[in-house]
Amino acid sequence: MQNYPANFLIFINQYSKVHRKNSKHETMSKRELRKYLKELTKEQLEDQIVDVYDRFKEVKEYYDFAFNPRENELIEQCRF
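Residues numbered from 1 in each chain as written. Predicted model: local features only at pLDDT ≥ 70, side-chain atom pairs only at ≥ 80, totals over all residues. Heavy atoms only, no water.

## Focus on the overall build of the protein chain
- Secondary structure summary: the protein chain contains five helices and zero strands in total.
- When the helices and strands of the protein chain are placed in sequence order, the string is α-α-α-α-α.
- Nonlocal contacts in the protein chain, meaning residues at least 24 apart in sequence, comprise 42% of its contacts between residues at least 6 apart. (Helix = DSSP H or I, 4+ residues; strand = E, 2+ residues; numbered from the N terminus. Contact = heavy atoms within 4.5 Å.)

Shown next as structure tokens:
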């Protein structure tokens, strides 16, 4: 399990309290996300990106394509 920085855990705790008050499902705004990200050190930000890369297939695919675009291979996968 990833060791998250204390400010991340505090942020999640505060965000979840606000989120529970709302009856409908809401997502974090870009403004809230940017504010949170500005508070992180470079190392904390790198750790979170690597963690998300490991956890989510879509993030891994995005970064894999960004650093090694294989357009022809993807076009072939999409053909019927």
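## Digging into the pattern of salt bridges
- Taken as a whole and judged by the stated rule, the model has four salt bridges.
- One salt bridge in this structure joins Lys42 and Glu46, with 3.9 Å as the shortest N-O distance. One end of the pair is Lys42 and the other is Glu46, both in helix H3 (residues 42-55) and four residues apart, which spans about a single turn.
- By relative accessible area, which is 41% here, Glu46 ends up partly exposed.
- For Lys57, the salt bridge is made with Glu61, and the minimal N-O distance between the two is 3.8 Å. Taken together, the residues Lys57 and Glu61, both in helix H4 (residues 57-67) and four residues apart, mark about one turn of the helix. (Salt bridge = Lys/Arg side-chain N within 4 Å of Asp/Glu carboxyl O. Buried < 20%, exposed > 50% of the residue type's maximum accessible area, 1.4 Å probe, protein only.)

## Some details on the packing of aromatic side chains
- What the rule picks out here adds up to three aromatic pairs.
- Ring centres 6.4 Å apart and planes at 15° place the aromatic pair Tyr63 and Phe67 in the stacked group. In this pair, Tyr63 and Phe67 both sit in helix H4, four residues apart, roughly one turn of the helix.
- Each residue in the set Tyr53, Tyr62, Tyr63 and Phe67 is aromatic and connected to the rest through ring pairs, giving one cluster. (Phe/Tyr/Trp six-rings, centres within 6.5 Å; stacked < 30°, edge-to-face > 60°.)

## Digging into the packing of H3 against H4
- Contact pair H3 / H4: the axes reach a minimum separation of 5 Å and the direction vectors enclose 110°. With respect to H4, the axis of H3 lies roughly perpendicular. Contacts between H3 and H4 involve Ile49, Val52, Tyr53 and Arg55 from the former and Lys57, Val59, Lys60, Tyr63 and Asp64 from the latter.
- Residues belonging to the contact of H3 with H4 are distributed by class as follows: five nonpolar, no polar and four charged. (Axes fitted to C-alpha atoms, helices over the stretch in contact; angles between N-to-C directions. Parallel < 35°, antiparallel > 145°, perpendicular 65-115°, else oblique. Nonpolar A, V, L, I, M, F, W, Y, C, P; charged D, E, K, R; others polar.)

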